[in-house]
Number of protein chains: 2
Amino acid sequence: MKTEIEELLRKKEIKITANRILILELLLNTPHSLSIATIEKALPWADRATIFRTLKTFEKKALLHAVKDDDKPIKYAICSDACEVNYHKIHPHFHCDTCGNTFCLYDYDFRLPKLPDNYTADKYSLVINGICSNCQKHNI
Amino acid sequence: MKTEIEELLRKKEIKITANRILILELLLNTPHSLSIATIEKALPWADRATIFRTLKTFEKKALLHAVKDDDKPIKYAICSDACEVNYHKIHPHFHCDTCGNTFCLYDYDFRLPKLPDNYTADKYSLVINGICSNCQKHNI
DNA sequence: TACGATTTGCAATTAGATTGCATTTGGTTT
DNA sequence: AAACCAAATGCAATCTAATTGCAAATCGTA
């Protein structure tokens, strides 16, 4: 695992450090996006500023992307291969109103609709709110 | 004009005050959504807290809705008739990367796509980034 | 091993959102 | 029109999240 992570960092031309390995590992092992505060709780020895700058670095290198749902702290999620390809074009996310987690949706059939005259689109972001399958179960 | 605005407030069961009339008037006369800071600049005698609470009141009464684009301060826009009907379901917005303004898009053919198994959708929000027709002109 | 550049930790700052509370105001009742 | 009550307002303060400055620690390399 560690080796894979180091490989990933190397591929993205990000200098390898202990912080970065562990933050990336956490992100990879979490199925939903994470806020700085959440990462801080998961890695209590890590400094907020370091986490902040690490995430910015990762974002700049297209290793992850910011997820902006209705909740306040911005969350970050790892970019999958699908994400890499369409990074600047497609950002579909699902926000569960029960657990509050936000998941990336890649298998997604979305057509960019027509815009008013003389409007040109560059990218778009789509956030769907609802209940995820996990919370669905617990509700029964 | 003033009468129309008062009529609108009355219809929404919002108590009529000077602040509310002028804030609503500003929102109605602006083609794009406005942040608290922007409203504060436009109405310098108005208090930030009052603007804040006025917008919250308007939002609660479905007179306007919050617009969350990539920019930081949350913006608010008047709900059109189309908005009223689908208020909790559809929020398409267009954010111009040149002027930074965000416009509501109501004439919009958008189909909610299929979700992964056991995910249920309640509402969704769509923000399209690009260049608006006005900025398009100035670029030529 | 020394050097230069980058990263980190800590503290402080900024920005925006939000609230407490005393005062004022608006609408209503007498 | 005066009195009254609930809601709205203004001001200051607070809170949360984001962001930065700077000195110390660290890493890779000469």
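Residues numbered from 1 in each chain as written. Chains lettered and ligands numbered in written order. Predicted model: local features only at pLDDT ≥ 70, side-chain atom pairs only at ≥ 80, totals over all residues. Heavy atoms only, no water.

Draft legend 1. Spatial organisation of the protein's contact with DNA strand C. In the vicinity of DNA strand C, 16 residues are found, and the nearest of them are Thr17, Thr50 and Arg53 of chain A together with Phe52 and Ile74 of chain B. Backbone sugar and phosphate groups make up 70% of those atoms of DNA strand C lying within 4 Å of the protein. Arg53 of chain B is positioned such that a nitrogen or oxygen atom in its side chain is 3.3 Å from a base oxygen of DNA strand C. At the level of secondary structure, the elements contributing two or more residues to the surface near DNA strand C comprise helix H2 (18–28) and helix H4 (48–60) of chain A together with helix H4 (48–60) of chain B. Here the surface near DNA strand C is composed, by residue class, of 6 nonpolar, 4 polar and 6 charged. (Near = heavy atom within 4 Å. Polar contact = N/O pair within 3.5 Å; in protein donor to acceptor, adjacent residues only side chain to side chain. Helix = DSSP H or I, 4+ residues; strand = E, 2+ residues; numbered from the N terminus. Nonpolar A, V, L, I, M, F, W, Y, C, P; charged D, E, K, R; others polar.)

Draft legend 2. A look at the pattern of salt bridges. Residue and element names in this part refer to chain A. Tallied over the entire structure, the rule returns 13 salt bridges over all chains. The partner of Lys75 in a salt bridge is Asp71, and the shortest N-O contact between them spans 3.8 Å. The exposure class of Lys75 is buried, given its relative accessible area of 9%. On the basis of relative accessibility, which here comes to 34%, the residue Asp71 falls in the partly exposed class. (Salt bridge = Lys/Arg side-chain N within 4 Å of Asp/Glu carboxyl O. Buried < 20%, exposed > 50% of the residue type's maximum accessible area, 1.4 Å probe, protein only.)

Draft legend 3. Examining the relation of the copies chain A and chain B more closely. For the pair chain A and chain B, the superposition axis carries a translation of 0.1 Å, the fit reaches an RMSD of 0.1 Å, and the rotation angle comes to 180°. Seen this way, the second copy is the image of the first under a two-fold rotation axis. Using C-alpha coordinates, one finds that chain A approaches the rotation axis most closely at Leu126 of chain A, a distance of 2.3 Å. Residue by residue, 100% of the interface of chain A is reproduced at the interface of chain B, so both copies engage with the same surface. (Least-squares fit on C-alpha atoms with pLDDT ≥ 70 in both. Contact = heavy atoms within 4.5 Å.)

Draft legend 4. Inspection of the packing of H2 of chain A against H4 of chain A at higher detail. Residues and elements named next belong to chain A. Two elements in contact, H2 and H4, have axes separated by 11 Å at closest approach and are oriented at 70°. Classified by the angle their axes make, H2 and H4 are roughly perpendicular. Along the contact surface, H2 presents Asn19, Arg20, Ile23, Leu24 and Leu27, while H4 presents Thr50, Ile51, Thr54, Leu55, Thr57 and Phe58. Here the contact of H2 with H4 is composed, by residue class, of 6 nonpolar, 4 polar and 1 charged. (Axes fitted to C-alpha atoms, helices over the stretch in contact; angles between N-to-C directions. Parallel < 35°, antiparallel > 145°, perpendicular 65-115°, else oblique.)

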